[in-house]
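Geometric and topological summary
Single-letter residue listing:
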Amino acid sequence: MTKFIFDLDGTITSKETLPLISNHFRLNEEIESLTKETVEGNIPFIESFIRRVYILGQLPVDEIDNLLETVELHPKVVDFISQNSDNCVIATGNLECWISKLVKKIGCKCYHSEGIIKDNKVEKLTKILKKENIVSFYKNAGEKVVFIGDGNNDMEAMRIADVAIASGLTHKPAKSVLSVSDYLVYSEEALCRLLNQLL
Amino acid sequence: MSSAKSVIISCAGIGSRLGLAQTKALLNIEGKSLIAWQLELFKDIEDIRIVVGFQAKAVIKEVLKYRKDAIFVYNHNYFETKTGASFYLGAKDANEYVIEYDGDLLVHPDDIKKCLVEEEYIAYSEKTSDEAVFVRTDEQGNVLSFSKKDGDYEWTGPACIKKSKLKYSTGNVFNQLEEHLPMKGIKIRAQDIDTYEDYQRAIDFVRGWK
Ligand SMILES: [Mg+2]
């Protein structure tokens, strides 16, 4: 069977979620530039992620979860996922507690980062998802793995996937991603056509 | 819903014989890039796949002006490989029939329709170059063999073959087709651009379309 592993931010959603959170709570531009630098690969993902969670973790978890449920999505990509939900999984560095409602809405299995919640705040980060581990897991299970992503933190996963699709749906994919990609698409039509061909 | 064919345009190469050190896709022909002329020929085809390598970024940017829905296929080893590898990479996940189209080729718009079919064939034209690959045909125009020495017509492409028959090749597209001969032939008016003289001929060729 073919397993499609999707990055969440920018690939399924048509906006990055962390800047959305900081906008909603009127935080300064720090987060936005941090996200941009990370996506472009100028700051190591883990370093940036820890810094972002430290800042955003102080905000009410339930409010973020509700907010992200409303984030704009790529409708054709979501259609593909719901029509092939057994073949599709999401691999995101995002925290489980922030995206639980969004993931439910998309309707497939999701691997994510994790933290300890206390008093409706993120008290401690306990796990940062390494997407390449998810690719290895399904490859070892004998699946043909297709990975669809756009950011620097997708690169290792895409390098070892059987098929790597760079998505330019929301922003230009990171340079590192392009160097390991088999395909590059800039529209939902192209992406979904390709996904159906790979099914 | 979807069509059973894909068009694979190979734009990965360096185009070294032209001596411009620039991808041929961006050659200016009567105010438009070569790739723009090609995309115009394929405007009714849903599944367009562009194989990119050398100067990929510039080629992608140009294609997106015309076809946001193109699928770009990377041939990262473009320096070490030939057109056969690009065709294979472009075709391996495509639709049932794959139409191979070399990124340095212009086909007359009245003739391209014959080529956009779901049926196997090899297209050739009257001989124009000295350094080319030629085809030998039977009386019905079927292609019997390829030769670098001589033949009845010049091999230009495009060609269409079932994806399931295609294998990876370190050689050229005609090497991939060779083992499936004889194949139906289609005679077309076409100009490929290998040398600077060809480039001048291509400009004249396009002027003749209007
Ligand atoms: Mg992303």
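Up top is the structure.
All values derive from a computational prediction rather than experimental measurement.

**Considering the overall build of chain A**
Along chain A, the regular secondary structure elements total ten helices and seven strands. Rg of the C-alpha trace for chain A: 16 Å, near the compact-globule value of 16 Å for 199 residues, within the 12% margin. With respect to the principal axes defined by its C-alpha atoms, chain A has extents near 45 × 30 × 30 Å. Split into buried and exposed, the 199 residues of chain A put 57% on the buried side. When contacts within chain A are restricted to residue pairs at least 6 apart in sequence, those whose partners lie at least 24 apart make up 60%. Put simply, chain A shows about 8,600 Å² of open surface, and 49% of that area lies on carbon and sulfur atoms. Computed over 23 positive and 29 negative side-chain charges, the separation of the two mean positions in chain A equals 2 Å.

**Thoughts on the state of the cysteines**
Disulfide: a covalent bond formed between the sulfur atoms of two cysteine residues. Residue and element names in this part refer to chain B. Summed over the entire model, instances satisfying the criterion amount to zero disulfides over all chains. Left without a disulfide partner, Cys11 is nearest to the cysteine sulfur of Cys115, which lies 17 Å away. A disulfide-free cysteine, Cys115 has its sulfur positioned 9.6 Å from the sulfur of Cys160, the nearest such atom.

**Remarks on a positive patch on the surface**
Together, Lys172(A), Lys175(A), Lys57(B) and Lys61(B) give the surface a local cluster of positive charge. When you line up the elements, Lys175(A) lands in helix H9 (residues 175–178). According to the relative accessible area criterion, Lys175(A) is exposed, its value standing at 69%.

**Examining the nonpolar core**
Buried together is how nonpolar side chains tend to be arranged in soluble globular proteins. In this structure, Phe6(A), Ile12(A), Ile21(A), Trp98(A), Ile165(A) and Trp155(B) are the most contacted members of the largest nonpolar core, which totals 72 residues. Beyond its immediate stretch of four places on either side in the chain, Ile21(A) contacts Leu56(A), Leu59(A), Ile64(A), Leu67(A), Leu68(A) and Trp98(A). Counting residues in each nonpolar core, the second largest holds 53 residues, with Ile35(B), Tyr74(B), Tyr101(B) and Cys115(B) among its members.

**With respect to the packing of helix H1 (residues 34–41) of chain B against helix H2 (residues 56–66) of chain B**
Residues and elements named next belong to chain B. One can describe the packing of H1 onto H2 by two numbers: an axis separation of 10 Å at closest approach and a directional angle of 40°. Compared by their axis directions, H1 and H2 come out oblique. In the packing of H1 onto H2, the handedness of the crossing is right-handed. Contacts between H1 and H2 involve Ile35, Ala36 and Leu39 from the first element and Glu62, Val63 and Tyr66 from the second. Partitioned by chemical class, the residues of the contact of H1 with H2 number five nonpolar, no polar and one charged.

**A look at the pairing of strand S9 (residues 134–137) of chain B**
Residues and elements named next belong to chain B. With four bridges connecting them, S9 and strand S10 (residues 143–147) associate as antiparallel partners. Residue Val135 lies in a different strand from S10, and its bridge partner there is Phe146. What sits between S9 and S10 in their antiparallel hairpin is a turn of five residues, with Gly141 showing a positive phi close to 90°. Looking at chain direction, S9 and strand S11 (residues 153–162) are connected through two bridges and run antiparallel. Bridge pairing in S11 places Val135 opposite Tyr153.

**Regarding the layout of surface pockets**
Rolled over the atoms, a probe with the dimensions of a water molecule shows which regions are left empty. Here the largest pocket is characterised by a volume of approximately 1,100 Å³. Taken together, 37 residues form the lining of the largest pocket, with Thr83(B), Asp102(B), Asp104(B), Asn172(B) and Asp194(B) sitting closest to its centre. When contributions to the lining of the largest pocket are tallied by element, the ones reaching two or more residues are strand S1 (5–11), helix H3 (83–91), strand S6 (97–102), S11 and helix H5 (173–178) of chain B. Of the residues forming the lining of the largest pocket, the biggest block, three residues, is contributed by S11(B). In the lining of the largest pocket, the residues fall into twelve nonpolar, twelve polar and 13 charged. For the second largest pocket, the calculated volume is near 780 Å³. Along its surface, the second largest pocket is lined by 25 residues, and Glu40(A), His171(A), Lys172(A), Pro173(A) and Ala174(A) are the ones closest to its centre. Contributing elements (two or more residues each) for the lining of the second largest pocket: helix H1 (17–24), helix H2 (30–39) and H9 of chain A together with H2 of chain B. For the lining of the second largest pocket, the per-class residue count stands at twelve nonpolar, four polar and nine charged.

Definitions and cut-offs
- For every chain, the first residue of the written sequence is number 1, and numbering continues from 1 along that sequence.
- Chain letters and ligand numbers both follow the written order, the letters beginning at A and the numbers at 1.
- Since the coordinates come from a predicted model, pLDDT governs what is reported: local features require at least 70, and pairs of side-chain atoms require 80 or more to be given and counted, while whole-chain, interface and lining totals use all residues.
- Each side-chain value is derived from all of the structure's non-hydrogen atoms; neither hydrogens nor water enter the calculation.
- Note on conventions: DSSP H or I runs of at least 4 residues are helices, E runs of at least 2 residues are strands, and numbering of each starts at the N terminus.
- Both definitions apply: the radius of gyration is a C-alpha atom measure, and the globule rule equals 2.2 Å times residues to the power 0.38.
- Three labels apply to residues, based on accessible area from a 1.4 Å probe with only protein chains included: buried if under 20% of the type maximum, exposed if over 50%, partly exposed otherwise in between.
- Residue contacts follow a heavy-atom distance rule, with two residues in contact if any of their heavy atoms lie within 4.5 Å.
- Here the accessible surface of atoms and residues is derived via Shrake-Rupley with a 1.4 Å probe, and residues count as covered only by protein chains that are part of the display.
- We count Lys and Arg on the positive side and Asp and Glu on the negative side, and we leave His and both chain ends out.
- Working definition for charges: the position is that of NZ of Lys, CZ of Arg, CG of Asp or CD of Glu.
- We call a pair of cysteine sulfur atoms a disulfide when they lie within 2.5 Å.
- For patches, a residue must show more than 30% relative accessible area and have no salt bridge; joins then use 9 Å for like charges and 5 Å for nonpolar side chains, namely Val, Leu, Ile, Met, Phe, Trp and Tyr.
- A pairing counts as a salt bridge when a side-chain nitrogen of Lys or Arg comes within 4 Å of a carboxyl oxygen of Asp or Glu.
- What we call a nonpolar core is a set of buried Ala, Val, Leu, Ile, Met, Phe, Trp, Tyr and Cys residues that are connected through their side-chain atoms within 4.5 Å.
- Angular values range over 0 to 180 degrees, each being the angle between N-to-C directions of two axes fitted as lines to C-alpha atoms, with helices fitted over their stretch in contact.
- For classification purposes, angles smaller than 35 degrees are called roughly parallel, those larger than 145 roughly antiparallel, those between 65 and 115 roughly perpendicular, and all remaining angles oblique.
- Here a crossing is taken to be left-handed if its near helix is turned anticlockwise relative to the far helix by less than a right angle, and right-handed if that turn runs clockwise.
- Polar here means any residue other than Ala, Val, Leu, Ile, Met, Phe, Trp, Tyr, Cys and Pro, which are nonpolar, and Asp, Glu, Lys and Arg, which are charged; Gly is therefore polar.
- Here, a strand pair is defined by DSSP locating no fewer than two bridges between the strands.
- Grid spacing is 1 Å over the protein atoms alone, the probe is 1.4 Å, and a cavity is where that probe fits but cannot get out, while a pocket is an open set with protein on both sides within 12 Å along at least five of seven lines and lining residues have an atom within 4 Å of a point.
- Grid points are joined across faces, edges and corners, and a volume is the space filled by probe spheres set on the points.

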